[in-house]
Amino acid sequence: MNFDQVRRQYNNFDFDSFFSGLTGDDIRRAMGKNSLTQLDYLALLSPRAEEFLEEMAQKAHGLTVRHFGRVILLYTPLYLADYCVNSCVYCGFRVQNKLARKKLSPVELEAEARLIAQTGLKHVLILTGESRRHAPVSYIGACVEILKKYFTSIAIEIYPLEEAEYRRLIEAGVDGLTIYQEVYDRETYRRVHPAGPKRDYRYRLAAPERACRAGIRSVNVGALLGLHHWRSEAFFTGLHANYLQNRYPDVEVSMSPPRMRPYPGGSVPPVTVSDKNLVQYMLAYRLFMPRGGITISTRETPELREHLLRLGATRMSAGSCTAVGGRSGREKSAAQFDISDERDVAAMARVIYGHGYQPVYKDWQMLQRKVGD
């Protein structure tokens, strides 16, 4: 059974009826379990569970400290190219936007890498728009070869690949994959992806599993909150992460709960997701997946990110820039979206220490095996 088959089991599920039938005792029972079922997780995402956020927070904090300690892994995104052939209605890189598109040359990439490395970071996430012509796998692999001189962990957030292509990048030095389904609801997915290869829902949905089969070390999944009802989107994200963790126990699985942010030519998100909603999502996910990572990006405000430190977060970005060449280039390209937390790595580290946690710059290194080993 693949994850699409898992998801389709809920095609005709009435979420509103399920939520309306829940009682306080149902929430308490779910919270008291050491191992939650799928419907227990959904119960903790319900409106009824909002009354129990404090109790959920206490348990979530304990589970996070038990499995991850008091540490926060820091990383930063690095945009290689912003060429894109998709028409995603929520993205500043969409093909219809008239932008001065850019792609980093080897010299420009070195300049960006040096500036990031000077902050002490050893984890970097490289991103591209979806254009195989402008950013083919060969180009991404060549970029990884350069970045290996500066970083011990290189993750990718690019267009979906075939299993053999993931394996090729893993052999080049990639050890992590972030890929958002964007929205798990099929009808909404079709509407917000009117044209381009990203319109293929099932191909994108299966991408994390193709990477797992190829030997990736870590996978990060998520839905872009604001496109559809957040409770069902959080539910399917958790089910997706749980499916991968159970099927590929050697892979480090995590999720991100990104909320829509302003972008060039953008509009107001169709669904409002409040800070309280985001907190409930994180807490429910932590109780459902005690060993699952939670990544919080600079989309969120400084105040909220600090609040989330104790509620289950395990990874945070710092010193972020969503423009190609935005750190070193004189002529910056357009940003994919606006960020909310503009603090640099040193400032973020001080904040983490101030809350009794330890920032981690490096927790993994890809060891190169010598011929004959």
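In short, a report on the structure.

Definitions and limits used
- Residues numbered from 1 in each chain as written.
- Predicted model: local features only at pLDDT ≥ 70, side-chain atom pairs only at ≥ 80, totals over all residues.
- Heavy atoms only, no water.
- Salt bridge = Lys/Arg side-chain N within 4 Å of Asp/Glu carboxyl O.
- Helix = DSSP H or I, 4+ residues; strand = E, 2+ residues; numbered from the N terminus.
- Buried < 20%, exposed > 50% of the residue type's maximum accessible area, 1.4 Å probe, protein only.
- Contact = heavy atoms within 4.5 Å.

Here we look at the pattern of salt bridges
Scanning all chains against the criterion turns up 25 salt bridges. For Lys-149, the salt bridge goes to Glu-110, with nearest N and O atoms at 2.5 Å. Placement of Lys-149 in the loop between helix 7 (137–147) and strand 3 (153–157) and of Glu-110 in helix 6 (residues 106–117) is noted, with a sequence separation of 39 residues between them. Of the charged contacts in the structure, one is a salt bridge between Glu-182 and Lys-198, with a shortest N-O distance of 2.8 Å. With Glu-182 in strand 4 (residues 174–182) and Lys-198 in the loop between helix 9 (186–192) and helix 10 (201–205), this residue pair connects regions lying 16 residues apart in the sequence. The pair Glu-182 / Lys-198 is uniform in exposure class, with both members buried. One network of salt bridges, with partners in common, ties together Asp-4, Arg-7, Arg-8 and Arg-202.

Some words on the environment of Arg-66
Position of Arg-66 among the secondary structure elements: in helix 5 (residues 53–68). Judged by its relative accessible area of 64%, Arg-66 is exposed. Taking C-alpha positions, Arg-66 is 8.9 Å from Pro-290, a pair spaced 224 residues apart along the chain.

Here's the deal with the environment of Gly-141
Tracing the backbone through its elements, the reader meets Gly-141 in helix 7. As for Gly-141 and Val-251, which are separated by 110 residues in sequence, their C-alpha atoms are 22 Å apart. Here Gly-141 is in contact with Leu-169 and Ala-172, once residues within four sequence places are set aside.

In short, geometric facts, not functional conclusions.
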